[in-house]
Amino acid sequence: MSESSNADTPSTGGAAPVAPTLDGVSRTLLIPLLARAEAQSLWPGVAFDDAAARDLAARLAVDRAEVGTDPFPMRLCISRSLAIEEALGTLLSEPIERTLVLLACGLDTLPVRLDATLAPARRARVRRWVCADLPPVVALRDQLLPASERIRHVRAALPDQLDEIAAALDETRPVFILEGVLPYLDAAQVADCLAALGRLAPAGADLLVDGYHPALLAFSRLGNTFRRMRTRFRFGIADPRDYAGMAPRIHFHAQQNLLRPLPWHHRKRAWLPSLAAGGKPLATLAQLELTPSAEGVNSLRSVRHD
Ligand SMILES: C[S@@+](CC[C@H](N)C(=O)[O-])C[C@H]1O[C@@H](n2cnc3c(N)ncnc32)[C@H](O)[C@@H]1O
């Protein structure tokens, strides 16, 4: 449990635990949660199973009407989860220990899923998870998902209120995972966020970042999910290579097209935005690197990873 929420949560004095509440919590986190919980009905046959998400959705008794009935963004969330798991598997094939930092974690069950699917040698390279979100979400996460010495829950507010994340990092090279949050920030905040992550990792880090073409965001109101939630998207990116120009030390390595794995009949919605995007991928997972700063290069010389 996060120290912060321990301090903030009133004692129940031995009474029954307080029922989890979504008060003060962004409803957008329900979209990926339900997508993971309902993956097999949304995308029959997909190689994705998330019993922890099913359990969470049941415990929260989510009102399905709140999330809308549009399957497209939910299928995209499943594709995004699969891409992140695959990218982390590859990063963990390198023989160094990692701290995996899940920014704007919501109720993402990634630590549980990855622990269940990683080969033992790769799992052993995960020194720690740091799951960070706004205080009400962390309080909810504390109630619903186990925190431990290995899986820490901390409060953070993007772009740059990241002190509790800084306190949870050590000399291990971090992987920062930004999933489903950048579209809610504006371009200046995204740049500030990338710069702030750079300051957290002077010796370098890897970044996994999802991104959406402005054309896809413009057409997002075709479905009832974002319309019903009155979601306002602020940041889209036409070419994930452009992250590299947004903050110092950011290098682009690769991108994965998140729509490609979907069966064609689940991609029909993308036809019009694809036309508007001139054929560029509409939804991507970018793998970026934060190269070491001058200060980080010096400290790297004195730290040995094995
Ligand atoms: C669409 S949800 C994604 C949750 C999670 N990444 C997932 O895939 O399940 C967006 C999340 O971003 C969080 N969020 C929004 N603005 C934030 C900010 N400024 N700083 C930190 N988290 C934020 C919300 O609380 C919410 O949990």
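Every chain is numbered on its own, with residues counted from 1 as its sequence reads. Given that the model is predicted, a residue must reach a pLDDT of at least 70 before its local features are reported, and side-chain atom pairs must reach 80 or more before they are shown or counted; all residues, however, enter totals for whole chains, interfaces and linings.

Visitor: Help me get a handle on the overall build of the protein chain, residues and values and all.
Guide: Each helix is a run of H or I in the DSSP string that is no shorter than four residues. Each strand is a run of E no shorter than two, and both are numbered from the N terminus. When you go through the protein chain residue by residue, the secondary structure sums to 15 helices and 7 strands. Comment: burial labels come from other C-beta atoms within 10 Å of the residue's own C-beta, placed from the backbone, where a count of 20 or more is buried, 12 or fewer is exposed, and between is partly exposed. Across the 306 residues in the protein chain, those meeting the buried criterion constitute 41%. For the purpose of contact definition, each residue receives a C-beta atom placed from its backbone, and two residues are in contact when these atoms lie within 7 Å. Taking contacts inside the protein chain between residues at least 6 apart in sequence as the whole, the part at least 24 apart equals 81%.

Visitor: So, the site of the ligand: which residues are in play, and what are the values?
Guide: The C-beta atom of each residue is placed using the backbone, and any residue whose C-beta lies within 6 Å of a molecule or strand is treated as near it. Taken together, 20 residues lie around the ligand, and P32, A104, G106, L158 and G180 are the ones closest in. Ranked by residue count, the leading element in the shell around the ligand is helix α2 (residues 30-37), at 3 residues. When the residues that make up the shell around the ligand are grouped by side-chain class, the tally is 13 nonpolar, 4 polar and 3 charged. Three categories are distinguished: nonpolar for Ala, Val, Leu, Ile, Met, Phe, Trp, Tyr, Cys and Pro, charged for Asp, Glu, Lys and Arg, and polar for the others, with Gly belonging to the last.

Visitor: Describe the sheet that holds strand β7 (residues 283-290), with residues and values.
Guide: Note: two strands are recorded as paired if DSSP finds a minimum of 2 bridges between them. Spatially, β3-β2-β1-β4-β5-β7-β6 is the arrangement adopted by the 7 strands of the open sheet, whose pairing is mixed. Only two strands of the sheet have a single neighbouring strand rather than two, namely β3 (151-155) and β6 (250-257). Looking at each pair of strands side by side, their axes are set apart by 20 degrees on average, direction ignored. As paired strands, strand β2 (residues 126-133) and β3 are joined by 5 bridges and run parallel to one another. Looking across to β3, one finds that W129 is bridged to I151. Axes, fitted as lines to C-alpha atoms, cover a helix only where it is in contact. Angles between the N-to-C directions of the axes lie from 0 to 180 degrees. Taken strand by strand, helix α6 (residues 71-91) contacts β1 (98-103), β4 (173-178), β5 (205-212), β6 and β7, and its axis lies near 30 degrees from that of β7.

Visitor: A description of the packing of α2 against α6 should follow, citing residues and the corresponding values.
Guide: Contact geometry for α2 and α6: axes closest at 8 Å, N-to-C directions at 75 degrees. Judged on the interaxial angle alone, α6 and α2 are roughly perpendicular. Here α2 contributes I31, P32, L34, A35 and R36 to the contact with α6, which in turn contributes P73, M74, C77, I78 and S81. Here the contact of α2 with α6 is composed, by residue class, of 8 nonpolar, 1 polar and 1 charged. Any angle between 65 and 115 degrees counts as roughly perpendicular, while under 35 counts as roughly parallel, over 145 as roughly antiparallel, and the rest as oblique.

Visitor: Can you explain the environment of R234? Please cite residues and give values.
Guide: Checked against the element boundaries, R234 lands in the loop between α13 (224-228) and β6. A sequence separation of 51 residues divides R234 from P183, and the C-alpha atoms of the two residues are 5.5 Å apart. With sequence-adjacent residues up to four places away left out, R234 is seen in contact with P183, Y184, L185 and D186.

Visitor: Can you explain the nonpolar core? Please cite residues and give values.
Guide: In this description, a nonpolar core means buried residues of the types Ala, Val, Leu, Ile, Met, Phe, Trp, Tyr and Cys, linked to one another by C-beta atoms lying within 7 Å. V101, L102, L103, A132, F176 and I177 are the most contacted members of the largest nonpolar core, which has 80 residues in total. Element by element, the count of residues in this core is highest for α6, at 9 residues. Apart from residues no more than four positions distant in its own chain, V101 is found in contact with V130, A132, I165, P174, V175, F176 and I177.

Visitor: Help me get a handle on the pairing of β7, residues and values and all.
Guide: The element β7 is extensively covered by neighbouring structure, given that 7 of its 8 residues are classed as buried. Inspection of the sheet shows β5 paired to β7 by 8 bridges, in the antiparallel sense. Across the sheet, D210 pairs through a bridge with L285, a residue of β7. As paired elements, β6 and β7 share 7 bridges and run antiparallel to each other. In the sheet register, Q255 faces β7, and the bridge partner there is A286.

Visitor: An account of helix α11 (residues 187-200) is needed here, citing residue identities and associated values.
Guide: Here, expected helix span is obtained from the residue count minus one, scaled by 1.5 Å. Under the 1.5 Å per step criterion, the end-to-end length of α11 is 20 Å for 14 residues, consistent within 8% with the ideal 20 Å. In this fold, the buried residues of α11 make contact with β4, β5, β6 and β7.

Visitor: An account of unusual backbone geometry is requested, with residue identities and associated values reported.
Guide: Across the junction of L158 and P159, the peptide omega takes the value 15 degrees, indicating a cis bond. Along the chain, P159 falls in the loop between β3 and α10 (163-168). With phi around 45 degrees, A61 is a residue other than glycine that occupies positive phi space. Considering the arrangement of structural elements, one finds A61 in the loop between α4 (51-60) and α5 (64-67). Judged by local crowding, A61 falls into the exposed class, with 8 C-beta atoms found within 10 Å.

Visitor: Residues and numbers for helix α7 (residues 110-117), please.
Guide: Considered for burial, the residues of α7 that qualify are L110, P111 and R113. Across the axial projection of α7, the buried residues extend over an arc of 165 degrees, all falling on one side. On its buried side, α7 packs onto α6, β1, β2 and β3. The directions from the helix axis to the C-beta atoms are what the arc is built from.

Visitor: Residue-level account of the packing of α6 against α7, with values.
Guide: Their axes nearest at 11 Å, the elements α6 and α7 cross at an angle of 55 degrees. One way to sum up the angle between α6 and α7 is to call them oblique. For the element pair α6 and α7, the recorded crossing hand is right-handed. Of α7, the residues touching α6 (which contributes I84, E85 and L88) are L110, R113, L114 and T117. For the contact of α6 with α7, the per-class residue count stands at 4 nonpolar, 1 polar and 2 charged. Definitions for this section: a left-handed crossing has its near helix turned counterclockwise from the far helix by less than a right angle. A right-handed crossing has that turn clockwise.

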